[in-house]
Structures are given as structure tokens and as C-alpha cells.
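For reference, the chains in residue letters:
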Amino acid sequence: MTELKLPSIDYAALAPILIMLGAALLGVLVEAFVPRRRRHLVQLSLALAAVLAALVMVVRGAGDRLITIGGAIAIDGPALFLQGAILVLAAMSLLLIGERSVERGGAFVAQAAVTAESADDRRQAEGKNGATEVYPLTTFAIGGMLIFVAANDLLTMFIALEVFSLPLYLLCALARRRRLLSQEAAMKYFLLGAYASAFFLFGVALVYGFTAGIPGRAAGVDFATVHAAVKESPASPVLLFAGMALLAIGLLFKAAAAPFHVWTPDVYQGAPTPVTSFMAACTKVAAFGALLRVFHVAFADAAWDFTPVLGVVAVLTMLVGAVLAVTQTDIKRLLAYSSIANAGYLLVGVLAPSGAGISGTMFYLAAYGFSVLAAFAVVTLVRDADGEATHLSRWAGLGRRSPFYAGIFTFILLAFAGIPLTSGFTSKFAVFGPALEAGHAWLVVAGVLTSMVLAFPYLRVVVMMWLSEPGESTPTVTVPGGLTATALMIGVVATLVLGVVPAPLLDLATDAAAFVR
Amino acid sequence: MSDFPFLSVLTVAPLVGALVVAFLPRRRPELAKQVAFAWSLLVLVLSVVMWVSFQVDGDRLQFRESYPWIPTWGVSFTFAADGIALVMLMLIAVLVPLVILASWHDAEASKRSVPVYFALLLILESTMIGVFAAADVFLFYVFFEVMLVPMYFLIGSYGGHQRQYAAVKFFLYSLVGGLFMLAAVIGLWVVGGKTFDWQTLTQVDISTGTERWLFLGFFLAFAIKAPFFPFHTWLPDAGGAAPAGAAALLVGVLDKVGTFGILRYCLPLFPEASKWFAPWALALGLIGIIYAALLAVGQSDLKRLVSYTSIAHFGFIGVGIFAFTTQAGTGAVLYMLNHGLATGLLFLVVGMLIARRGSALIKDFGGAGKLVPLLAGVLFFAGLASLALPGTAPFVSEFLVLIGTFTVNKPVAVIATLGIILAAAYVLWMIQRTTQGTLNPELTEVEAMRRDLSLREKVVVAPLIALIVLLGFYPKPVTDVINPAVQATMQDVGKTDPAPEVGSVQEASQ
């Protein structure tokens, strides 16, 4: 009998992941044992404390460059940077999720499974406290994302994908208002997400087959093996291409890239707005973190093969996002299409085969996360008796009613439009520069052209808010509670600071832009 | 004194002023106006000091300052001014206080916050100064784009009829141009070895194909901004809808960023491409001169009419730049200044007329000179300056452009001269229909039409009239500053003047 060798585990490097998953499990216990009226506070504090502790561990491990736990997890520059970004953005999302003063009982219902529009359902919509299960669910999702951006083999990546996706499906169904829309969103997201996961898994299997038969190496799905296989595998490249394509489908689905984007507007609209913001910020970071790792570590030597295809996907994504954003009449759907277009710009950065491309993409992810969180935070505040007033026509004259919040939203929209002195401009520069350097002029031109189209819907909202007269139905802006106000301010200040003095974060991203293999 | 950081202080000062004004209590609009006016006077004084300390025979770029900003990308806050920029900075410093004074009661009419209006004007001044003072391409781009935001709100919030449409059209047109330029800026950064420093970039060798693409990116942005035919359609809408003061700044200064950009960026950075595209640019200029003048004749709205005359004048400036002679180039830069003064005056006077009548339509006037003789007289003078009557400043510049072009390209000069005749047509006909002829009986019923120029309005127009006459007879102080910068620019393009004509610059300008 051969002796079993246990893999060495670097617990310190894994601490952020362990803290988040541990806190999630603890959260489940809190649900079982803590009295109902105290649960909200305990859960929120627990989740926030866990995120902060994990963040501290990420910062402490900033210099780590290692592969641990038997090659399953790689803690390197990009992993740490993206984990840090996910944790900061998740903390802001948690603040939005925990807000209970804007709407009585919070943005979530107690029981998602009650038939929509039934008497029970209406009763629970009337200010009954929402489910506190959202906190463990969110914490699980954050933990999964932390693994996702650090996974060093395709199977670990798949498991992480499921760990963060499943809670998100549930969270989508918990909106207090417009229950049917929320349930529909969750269903749609779940079904399509399940397909995407299946594609990903099938891709893993094909790549595994491709790695078989390299001299001196066992078959496997860790990135080093895949990398070696791309160079010297005797297997048919059809396996590689098909595997790569299926993996890409799985990841691009999460990243909301066309033509795998169709779920985005429905889910963004139907999900409770704090959850939408969490998805728009954190899921995006996680998905692109994984895309960067898969294509820069595992398939780096096949760049000639995937760049044209992914380039077409990027152009299509920018185009679809920008053009369809023009026709939107709902602010959440508009932001959804804008997030699709942004996925296209991010892909431009992913395709630049250099450290500058990686650091640019990471900078973009962080900067965009802050802005989009702030945008959704404002959306949660613009309400009337029926909850959030998301139809654009309702925003007419908002600038007169509440100049402060309309001003903030205008600033965020200008950032999305890429006006200088906002992070939207510096981050566009951060991805377009390396792309042009790599000779992808066509991607940059497509990016610039779609930016022009995209400016129009943003501007339309600005016009609505400032240049239209307030009408009878113009909603008021609720004074935010401390939690939302904090998240909003962090987002706005970050958008400004990253636009005016981007150098510190940019340097951090540049230093972190090397993967270990 | 030349060690004083003029340019950065000039850029920041109005911004600080804007913050002060914006936070003044809304209930005391008078205070906001006074502070804004005082602040803009301060900027004017500082600009005059800078003008005096500029050494005419010194370096091409003076008052250079540089502070690191984003080292990773090689971006720095670099400011420097050549003679061309200096003239434009001076124009801004002169126009803004006058515009503030002229807009004294404009904001109240719109029922919106008065302090914010003046704060926006000061923010606009800050960004306009920045765009002319920047010597770092990235910094220039930042100001170029940010400049849109205050102007957008000035038009959209305080403008007249169709202001929303005009504001959005203005913003989108400019943004489209700006984004093309962004692609070119990034391209320039990549081929230029990751620096944005203007002086370093002028030394870079770029392959012909790349150079042409980059030139196109910049040129498109500037042609939309200027605007040249066929990118001009936003200007009549924006100029027609903007409040008169903002319109004066829009056409008087903001649009000059386009022609300035061509001189500062297109020509020195892409000399080969500039020569290659010159025939096209000349053609666009000529079409603009004739086409816009014809459209101006047919306008029924006063502010739109003035906007179209400006498009025709920008055609002249374009021709002057792309003729590639020092004379024509100096003429073009002088034109930028004089047009700012003359059209600025025209816009302000027209604004005073419109404010009295409550309508911008020409048919609502008629014989107004009988009611407000002084105002009508100023309008007449502004009109004559605008059609470049000898003795007014625009004549000198137009003449320089035409003879400078004639020495190298006779057909272009001949066609451009037709523009002068058309200018006489649209200006004189406009004046005839508004202030001359029989008195429109409706006018007498408007109470405000009986008030002639107030003291405030006299103070607004007097300096402009004085400058237009002064520079009409004695442009030397300005041409002395412009000439070396234009000569250096033409050297960058590798064009030298035809031998016999060199001396005539002096003759014409004296």
C-alpha cells in the first residue's frame, strides 16, 4: 500500500477564504439559535466583521506569491488584488443589504416561496421584517468568489462557481416589492446559470482529455498541466478548441458578455436592488478575475487562437450593451445594459497580452465596482409609496426636488460616460492603452464608437433629472439611513479619487499584475 | 516675475471662485454676482501681468510648470504658453468679466439658482484657461472634455427655447469628437513611447500611415469643436438656445479650442499628415465660408444668424491655418482673437436687444433704432466689425489671411474673398430689418424697448469697442506676440514662406 502524502496547506494564505466560509456557517447557526428580533443586527455585524477580517488578512498577505493546498489555490498578485476588491465592494453591498430605514423591514421578504400576489404575500410585503438568511447567503457567495479568482485548477474553479452562484439565485428571489418579477428573475437566472455551469463542466472534461498523453506528465486540469498541454500535447487541437470555447461560455455568462447576456436585464431588474448592486460589482470582479486567470495562465500560448473569437465577443458585447441601453425606459435595465457594455470594455483589457492589460483590467474592475454600487444605492433611495420608482419618466425633475442626490447620480453617469476627472475615464484609458499597444486597434475603435452611443442614454437621464420640470408623479428621495449613506459616499468618493489621483491604485495593480503558474 | 506659476494659478483661481460663489446663500443673488465679477477681474489683472512678463523674443513656450500626476502613464500637470495660447488666454480674461456683467439679470429670468449660474461661468473660465495652458496632451484632453460639462448646464438650465435639445446636441457632438481624439491620444501615447509631454512628442517619428490616422482623430475632434462644415450643425442650435453671455463665450472662446488645437497639436505633431490633408481642410474651410454665409442670410432668429456668421469666420481661420504661410497663420490667430471680440460683442448686444423685446425673431423688430438709438448704434458697429470693415480689428486679420493665402494658392484666396461680399449682405440686411426702416408698431408697446443702454451695459460694450478700434489701427503688440509662435509652427510643418513676400507681414501689420 502506497503511503498517502497529505498536501501542504498554507493556512495564512487561505485565511480570507476560510474566514468567509466560516462566517457563513456561523451565520447559519445564528439563524437557528439567536432570537428573531436580534438576528438582523447579529447577522449584519458578523458578516461585516468577517469581511473586514478577511480584508485584513488579504492586506497582510500582500506579498504572497504561492500555490498551496495541493495546487488547488494560487495566491498571487491578481488573486490578492481581486480578493481585496471583492471584499471592499462586498462590504459596501452588505451595507446596502442591511439598510432597514429606507423601507420598513428592509428590501427583502421573509419567505420567498409564498405564492406571489397571494394574501400571505401581501401581508409579508407590509413591513414584516425580511429574512436574515440573506447574510449567510451573501457571505457564502463572497467566499465562493474569493476561491473563484484564486482557483488554480479548473475543478476548483467549477466548485467555486457553484458556491457563489447558488446563493445568488436565491437572493434574486427575495425582493419585497414586485414579487413576481423577482421570482421570475431568480428562475431565469437559475436555469440559464445551470446551463452555463454545465457548459463549463463539459469544457473541463474536454480539456482534461486534451492533457492526456503529454510525455512525463499525468493528465490533469490544473493550469500548469493545461499550459504544458497547449504547448506539446499530441491530442487533437479540436479538443482544446472545443474545451476552451465551452469554458469561455461558462465564464462569459457570469461576466454578462453577449451573446450570453440575455439574463442580465431581467435579473438586474427583478432582483432586490442591493443584490443587483452586489452582482454588478462583485460578480463582475469574480467573473473577470477567472477569465484573466484562465486565458493568461492556462491558455496563454493559445492566444493566437482565442483572441479573434473573444475579440468578436467583446465587440458584440459593447455593441449590444450600448445600442439596447438607448431604448431602455427603466433605470435598472438601463444600468444592466450599461454593465453589459462595460463587460465588453473589460474584455478588451483581458485580451491585451501583457501585464499592463492585466493591471488595466483589474483597475477597471475596482473602479467600475465603486461607481455601479453608488449608482444602485441612489436607485434604492428614489421611491414612492409602491417602493422604488425605477421608470425613467418618473425621474423627471428630480434635480429640482433633491439637487444633492441628483447631482451625485449625474456625477456617476458622467463617470460611466467616461468624462475625465472621473474613474470612468481613467479606467477606459487603462484598458484601451494596453490594447492599442498590443495592436488591437479595432477593439479600441469599437470601444470608442460604442462609448459615443452609450453617452446618449446616460445623458437622457441627466436631461430628465435636471432639464425637465418635476411632475405630479416625481418621487421623492428618501433620506438614506447611515448604512446606505456610507456605501454611497464611499462609492462616489472612490469614483472621484480614482479619476483625479489614480496613481496609487494603478501602481498597486501594476505591481500585482503577474500570475504564478 | 516670470518665475511666478501664472498658468496653474490662472487655471485654479476661477475654480476656487466658483466654489465660493456656489456656496453663497441663494437668497442673496446680488452678493454672488459681485463676488463672481470681482473674481473674474482678479483673473484679468493676473493675466495682464502675465502678458507683460511674456518675452516676445524669448522661448517658444514660456511660463512652463510641471508637476507629476500619474507617473505610471507618464502624465503630468504640465502648463506652458506660446504666443498663440497667450493671446487666447488674454481673450478669455477680458471676455469673462464682461460676460458676467452682461448676464447680470439673465439668471433670474430662468427661475433657477442665480449663484449656480455664475459659479458655472467661473468653472467654464477655469477649464477654458486650462485647455489653452496645457502642454501635456493628456491634460489637454481632460480640459477639452470637462469643458463640456459647465457649458452643457449653462445651455440646458439657463437657455431659451429648445434648450434641452440644444444642450444634448452640443454635448453629444463634442463628446463624439472627443472620443475620436481619445483613440488618437492613446495611439500617440503608444507610438510616442508612453509620454504625454508635448515637447517630447513633437520629436517623435511616426510612420506615414499611423500619422494620418492619428491626425484624423485629432482633426475630427477639432473640426467638430471649431466647427467646420459639415460638422457645424450643433452650433446654431447651441448658440441660439444658450443665454447670450454663455453664447458669447461659446462662440468667442470655446470654439477657438478647435482652431487652437489644430495649430498646437495637429500641425506640429503630425506635419506630414497635415500637408497631406491640407487640400481637404482648405476645401472644408471654403465651403464653410460660402455655405454658412448663405445660410446666415436666410436666418430669422438673431442668435442663430450670429452663430452662422461665426461658422463662416471659422472657415476663414481654417483657410489661414492650412495655407501654411506665416502671414496667413498670423492672420488666422489674430482672427481668433478679433472674432472673439467682435462676435462676443455682437452676441452681447443682440442679447441686450432680445432681453428687451422678449423675442429673438428678426421679424419682431424693425426700426428699433428710433427707440434705442445707442443700442442700435452699438449693434451697427458690432455688425461692421463682424463684416471686417477697414478700421476695425477683424479687417486686419481677414486681410492677412487672404494675402497670405494668395501668395501660395490663388484660387482659394479668390473664392474666400467672395465671403466678404456675403458678409456684407447678411450683416447689413440684419441691421436693416432690426434697427432701421419704419418702426414696428408692436415695439412701442413693449415697455423695455424704450430703455436705452444702461450704465452697466455701457461698461460692458465700451472696452470691446475700444479694443476692436485699437487693434484695427495698431495690431502690432498682438502680432509681435503671435508671429514667432506661428513661425515656429510653420517650421514644424516644414513650410517656408515664398521669398519675396516675407517682409510684407510687417507692412500689413503696421
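Cut-offs and rules
Position labels on residues start from 1 in each chain and follow its written sequence. Chain letters and ligand numbers both follow the written order, the letters beginning at A and the numbers at 1. For a predicted model such as this one, the threshold for reporting local features is a pLDDT of at least 70, and the threshold for listing and counting side-chain atom pairs is 80 or more; totals across whole chains, interfaces and linings nevertheless cover every residue. Computation of side-chain values: all heavy atoms of the structure, hydrogens and water removed. Counting from the N terminus, the helices are the DSSP runs of H or I reaching at least four residues and the strands are the DSSP runs of E reaching at least two. Each residue is placed in one exposure class: buried if its accessible area under a 1.4 Å probe, protein chains only, is under 20% of its type's maximum, exposed if it is over 50%, and partly exposed if it falls in between. Throughout, a contact is declared for two residues whenever any of their heavy atoms are within 4.5 Å. Only the protein chains shown count as cover for residues, with accessible areas throughout obtained via the Shrake-Rupley method and a probe of 1.4 Å. Any carboxyl oxygen of Asp or Glu within 4 Å of a side-chain nitrogen of Lys or Arg constitutes a salt bridge here. UniProt positions are given in the numbering used here, feature names are shortened, and annotations may be inferred rather than shown by experiment. For each structure, a 1 Å grid was placed over the protein atoms alone; sets of points admitting a 1.4 Å probe that cannot get out are labelled cavities, open sets with protein on both sides within 12 Å along at least five of seven lines are labelled pockets, and lining residues have an atom within 4 Å of a point. Grid points are joined across faces, edges and corners, and a volume is the space filled by probe spheres set on the points. The nonpolar class holds Ala, Val, Leu, Ile, Met, Phe, Trp, Tyr, Cys and Pro. Asp, Glu, Lys and Arg form the charged class, and all remaining residues, Gly among them, are polar. Counted as positive: Lys and Arg. Counted as negative: Asp and Glu, with His and the chain ends omitted from the count. Residues qualify for a patch when their relative accessible area is over 30% and they have no salt bridge, like charges being joined within 9 Å and the nonpolar side chains of Val, Leu, Ile, Met, Phe, Trp and Tyr within 5 Å. By buried area we mean the combined loss of accessible area, with a 1.4 Å probe, across both parts when two parts are placed together. Here a polar contact is taken to be a pair of N or O atoms separated by no more than 3.5 Å, where protein atoms must pair a possible hydrogen donor with a possible acceptor and residues adjacent in sequence count only if both atoms sit in side chains.

Asks: I would appreciate a short explanation of the overall build of chain B in the present structure.
Replies: Helices and strands together make up the secondary structure of chain B, namely 23 helices and 2 strands. Of all 510 residues assigned to chain B, the portion counted as buried reaches 65%. Here the analysis covers contacts within chain B between residues at least 6 apart in sequence; of these, 81% occur between residues at least 24 apart. For chain B, the exposed surface amounts to about 16,900 Å²; the carbon and sulfur share of it is 66%.

Asks: Please clarify how the pattern of salt bridges should be interpreted in this entry.
Replies: Pairing between side chains becomes possible if they bear opposite charge and their charged atoms approach one another. Residue and element names in this part refer to chain A. According to the stated counting rule, one finds 19 salt bridges over all chains in the structure shown. The partner of Arg 333 in a salt bridge is Asp 266, with the nearest N and O atoms 3.0 Å apart. Of this pair, Arg 333 sits in helix α13 (residues 331–351) while Asp 266 sits in helix α10 (residues 263–270), and the two are 67 residues apart along the sequence. Both residues of the pair, Arg 333 and Asp 266, count as buried. Between Arg 394 and Asp 384 there is a salt bridge whose closest N-O contact spans 2.6 Å.

Asks: Explain the UniProt feature "domain: NADH:quinone oxidoreductase/Mrp antiporter transmembrane" (unreviewed entry) in chain A here, please?
Replies: Sites flagged by UniProt as "domain: NADH:quinone oxidoreductase/Mrp antiporter transmembrane" (unreviewed entry) map to residues 151–452 of chain A. What you have in residues 151–452 of chain A is 77% helix and 2% strand, and the ends, taken at the C-alpha atoms, are 37 Å apart.

Asks: Help me understand the layout of surface pockets in this model?
Replies: The gaps of empty space that remain are located by a probe, the size of a water molecule, rolled over the atoms. Residue and element names in this part refer to chain B. In this model, the largest pocket occupies a volume close to 2,000 Å³. Class assignment for the residues of the lining of the largest pocket results in 34 nonpolar, 10 polar and 4 charged. The calculated volume of the second largest pocket comes to roughly 770 Å³. Looking at the second largest pocket, it is lined by 34 residues, and the ones nearest its centre are Gly 159, Gly 160, His 161, Ala 241 and Lys 303. Looking at the lining of the second largest pocket, the elements with two or more residues in it are α4 (106–109), α7 (148–158), α8 (163–191), α11 (234–241), α15 (302–322) and α16 (326–357). Residue contributions to the lining of the second largest pocket peak at 4 residues, all from α11.

Asks: What should I look at first to understand the side chain of Glu 65 of chain B in this one?
Replies: Among the secondary structure elements, Glu 65 of chain B is positioned in strand β1 (residues 62–70). The buried charged residue Glu 65 of chain B lacks any salt bridge partner; its closest oppositely charged side chain belongs to Arg 64 of chain B, at an N-O distance of 10 Å.

Asks: What is the right way to look at a nonpolar patch on the surface in this model?
Replies: Residues and elements named next belong to chain A. On the surface, Phe 404, Leu 421, Met 489, Val 493, Leu 496, Val 497, Val 500 and Val 501 cluster together into a nonpolar patch covering about 620 Å² of accessible area. Sorting elements by how many residues they give to the nonpolar patch places helix α19 (residues 482–500) first, with 5 residues. Within the secondary structure, Val 497 sits in helix α19. Using a relative accessible area of 37% as the deciding quantity, one classes Val 497 as partly exposed.

Asks: So what exactly am I meant to see when it comes to the interface of chain A and chain B here?
Replies: The parts lose accessible area when they come together, and the size of an interface is often stated as this lost area. Taken residue by residue, the interface counts 36 residues in chain A and 34 residues in chain B. Summed over both sides, the interface of chain A with chain B buries roughly 3,100 Å², with 81% coming from carbon and sulfur. Three residues stand out in chain A for area buried against chain B, namely Phe 429, Met 452 and Leu 467 of chain A, and they jointly supply 22% of the buried area on that side. One salt bridge connects Lys 194 of chain B with Glu 437 of chain A, and the closest N-O pair in it is separated by 2.9 Å. Our enumeration of links across chain A and chain B arrives at 3 residue pairs in polar contact (both at pLDDT 80 or more). For the side of chain A that touches chain B, the elements supplying multiple residues, two or more each, are α16 (403–416), α17 (423–437), α18 (441–467), α19 and α20 (503–511) of chain A. Per element, the largest residue contribution to the side of chain A that touches chain B is 12 residues, and it comes from α18 of chain A. Partitioned by chemical class, the residues of the side of chain A that touches chain B number 25 nonpolar, 7 polar and 4 charged.

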